[in-house]
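Residue-level structure breakdown
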Amino acid sequence: MAKEKVVLAYSGGLDTSVIVKWLREKYDYEIVAVTADVGQGETELTGLEEKAINSGAAQVFVEDIREELVTDYIFPMVQSGAVYEGKYLLGTAIARPVIGKRLVEIAEKVGAGAIAHGATGKGNDQVRFEFAIKALNPYLKIIAPWREWEFKSRSDCIEYAREKSIPIPVTAEKPYSIDRNLWHISFEGGILEDPAREPDGGMFRLTCDPLDAPDQPEEISISWEKGIPCAINDKELAPLELVMELNRIAGKHGIGRIDLVENRLLGMKSRGVYETPGGTILAFAHRELEHYTLDRETLHYKEAVALKYAELIYYGLWFTPLREALDAFIRTTQETVSGKIKLKLYKGNIVVGGRESQHTLYHQGMATFEADELFDQKDAEGFINLYGLPLTIKGMMNRKSRQGHEQEVAKN
Ligand code: ARG
């Protein structure tokens, strides 16, 4: 009889290499290793298939989902304006649902009954993977070895690997946990666990230290079509290329470093350091264009939606009715978010250089301090009287009760 199959979210690192062996021993599964290429880079991806087979996998898939990640996940997130706790551009969180989706698709293709992942029992990622799996195929069994096995640490894993002669990936031992994709790199744990200490400068990979950035500002422009970035310096670029190019430009100017103590979904605070160079520029420029094109009430309402949308992404609630409903709202708001934003990049900073849009609601004739015919200043008086009526009434009542009180005092 053929063995039951399990799809394993495989990264090629120590943990998932150990998991391959452990799953075979514990459950007697046939292992189908799946690696999603989300832009983590060549060093992580080369030799992966061989590595997986050597660790004991029966079949390996390396899936390039970069395009899908940018187009169907990251760009809608940019349109929403989502930023978690005012700083985190959600680089890890946004990649999880699309990885989960591909794991489910492959499980169904190969006829696997279960999906396993190497996320730990303390973090957000386990929740995000499993919510995606449950939403898309609730009949798949989920196995999270870190919540099940007796290993407590990396050194336990290494010991097990030695015992079972599992080839240990030769990557140098890192003093923190790293998650990289085309949108960002995250660093957590290890020496970063002390929030009183700044990260050591040698850690960063996508951005230079702002102090070492060029002494001359660089001017760039980003063009947008309905809230989607489509060109840099008037050169049209496909979504993936555009993000890569912005990563390069922003990284050169030391833009996009974030250091944050954030609230995890499971309740504890944790310290994370992130590099999101291109994303920082896109978020900035998109906000700028919205300020220029959206009416006041929509803009303000959208700020509230962005907070909720960021929570949904962070909490792994992507495949939900609420996210879809908010998308419908956001899509409508983006109809007029087209135009061009010029920026100056200088030593970790982004400064607005100019705005252009055929859809702008900015009307110089209305806003001007010069004489104009459009706006009758006399109208303002009636507006102030009516809009201020509640506070006028409240003021009258306050005075009346104070007078009553003073008369009381005078009588006694
Ligand atoms: N704290 C961030 C988040 O929850 C980053 C997580 C990084 N994950 C990892 N497996 N290294 O989204």
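Please refer to the structure placed before this passage.
All of the points below concern the structure found in this document. None of these values were measured; they are calculated from a predicted model.

This part is about the sheet that holds strand 1 (residues 5–9). On the basis of which strands lie adjacent, the open sheet formed by five strands has the order 3-2-1-4-5 and parallel pairing. Each edge of the open sheet is held by one strand with a lone partner, namely strand 3 (59–64) and strand 5 (141–143). For this sheet, the mean angle separating the axes of adjacent strands, direction not counted, is 25 degrees. Inspection of the sheet shows strand 1 paired to strand 2 (residues 30–37) by five bridges, in the parallel sense.

Okay, the nonpolar core next. If you look at the biggest cluster of nonpolar residues, it comprises 76 residues, and the most contacted ones within it are Val-7, Leu-90, Ile-281 and Leu-343. The element that contributes the greatest number of residues to this core is helix 5 (residues 91–110), accounting for 10 residues. Setting aside its immediate chain neighbours within four residues, Val-7 contacts Val-32, Val-34, Leu-103, Ile-106, Ala-107, Val-110, Ala-112, Ala-114, Ile-115 and Ala-116. Listed in part, the 28 residues of the second largest apolar core include Ile-19, Ile-143, Trp-146 and Phe-151.

Strand order in the open sheet formed by five strands is 10-9-8-13-14, with antiparallel pairing between adjacent strands. Where the open sheet ends on each side, the last strands, each with one partner, are strand 10 (235–236) and strand 14 (349–356). As paired strands, strand 8 (residues 218–225) and strand 13 (residues 339–346) are joined by seven bridges and run antiparallel to one another. Across the sheet, the residue bridging to Trp-224 is Gly-339, located in strand 13. Seen against the sheet, helix 8 (residues 239–252) touches strand 8, strand 9 (228–232) and strand 13 and runs at an angle of roughly 65 degrees to strand 9.

Under the criterion given, the structure shown has 29 salt bridges. A salt bridge links Lys-411 to Glu-408, with the shortest nitrogen-to-oxygen separation between them at 3.7 Å. Taken together, the residues span about one helical turn, with Lys-411 and Glu-408 both in helix 14 (residues 389–411) at a distance of three residues. Taking the relative accessible area as the measure of exposure, Lys-411 reaches 67% and is therefore exposed.

This part is about the side chain of Gln-126. For Gln-126, the location among the structural elements is in helix 6 (residues 125–136). Polar side-chain contacts of Gln-126 include one of 3.5 Å to the backbone oxygen of Thr-120. When neighbours within four sequence positions are excluded, Gln-126 is seen to be in contact with His-117, Ala-119, Thr-120, Gly-121, Arg-147 and Leu-266.

Looking now at helix 3 (residues 48–55). Looking only at helix 3, the buried set comprises Leu-48, Ala-52 and Ser-55. For helix 3, the buried positions fall inside an angular range of 65 degrees around the axis, keeping them on one side. Buried residues belonging to helix 3 abut helix 1 (14–27), strand 2, helix 2 (42–45) and strand 3. A positive backbone phi angle near 120 degrees is found at Gly-56, which sits one or two residues after helix 3.

Moving on: the side chain of Asn-181. Mapping Asn-181 onto the fold places it in the loop between strand 6 (177–180) and strand 7 (185–188). Only 2.9 Å separates the side chain of Asn-181 from the backbone oxygen of Gly-91, close enough to count as a polar contact. For Asn-181, the side chain forms a polar contact with the main-chain nitrogen of Trp-183, separated by 2.8 Å. The residues touching Asn-181, leaving out its near neighbours within four places in the chain, are Val-38, Gly-39, Gln-40, Gly-91, Thr-92 and Ala-95.

What follows is about unusual backbone geometry. In this structure, Asn-233 is a non-glycine residue whose phi angle is positive, near 50 degrees. Summarising the element assignment, Asn-233 is placed in the loop between strand 9 and strand 10. One non-glycine residue with positive phi stands out, namely Asp-234, at about 65 degrees. Here Asp-234 lies in the loop between strand 9 and strand 10.

What follows covers the pairing of strand 11 (residues 257–263). Judged by which residues are buried, strand 11 turns out to be one-sided: Ile-258, Leu-260 and Glu-262 face inward and are buried, whereas Arg-257, Asp-259, Val-261 and Asn-263, on the alternate face, are not. Bridge count between strand 11 and strand 12 (residues 269–275): seven bridges; the pairing is antiparallel. By the bridge assignment for strand 12, Asn-263 is matched with Lys-269. What sits between the antiparallel neighbours strand 11 and strand 12 is a turn of five residues, in which Gly-267 has the positive phi angle 115 degrees.

Turning to a nonpolar patch on the surface, a few remarks are in order. A contiguous nonpolar surface patch, about 400 Å² in accessible area, is contributed by Leu-386, Leu-389, Ile-393 and Met-397. Among the elements that make up the nonpolar patch, the one with the highest residue count is helix 14 (three residues). Structurally, Met-397 is set in helix 14.

On to the packing of aromatic side chains. Within this structure, the stated rule accounts for 17 aromatic pairs. Ring geometry for Tyr-314 against Tyr-315: centres 6.4 Å apart, planes inclined by 75 degrees, an arrangement best described as edge-to-face. Following the ring pairs from residue to residue traces out a cluster consisting of Trp-22, Tyr-27, Tyr-29, Trp-146, Trp-149, Phe-151 and Tyr-160. A cation over an aromatic ring shows up here: Arg-257 above the ring of Phe-204, its NZ or CZ 3.7 Å from the ring centre. Seen from the ring of Trp-318, Arg-323 lies directly overhead, with NZ or CZ sitting 4.1 Å from the centre.

Reading guide: rules and limits
- Residues numbered from 1 in each chain as written.
- Predicted model: local features only at pLDDT ≥ 70, side-chain atom pairs only at ≥ 80, totals over all residues.
- Heavy atoms only, no water.
- Pairing = 2+ DSSP bridges.
- Helix = DSSP H or I, 4+ residues; strand = E, 2+ residues; numbered from the N terminus.
- Axes fitted to C-alpha atoms, helices over the stretch in contact; angles between N-to-C directions.
- Core = buried A, V, L, I, M, F, W, Y, C linked by side-chain atoms within 4.5 Å.
- Buried < 20%, exposed > 50% of the residue type's maximum accessible area, 1.4 Å probe, protein only.
- Contact = heavy atoms within 4.5 Å.
- Salt bridge = Lys/Arg side-chain N within 4 Å of Asp/Glu carboxyl O.
- Polar contact = N/O pair within 3.5 Å; in protein donor to acceptor, adjacent residues only side chain to side chain.
- Arc of directions from axis to C-beta.
- Patch = residues over 30% accessible without salt bridge, like charges linked within 9 Å, V, L, I, M, F, W, Y side chains within 5 Å.
- Areas by Shrake-Rupley, 256 points an atom, 1.4 Å probe, with all protein chains shown as cover.
- Phe/Tyr/Trp six-rings, centres within 6.5 Å; stacked < 30°, edge-to-face > 60°.
- Lys NZ or Arg CZ within 6 Å of the ring centre and 35° of its normal.

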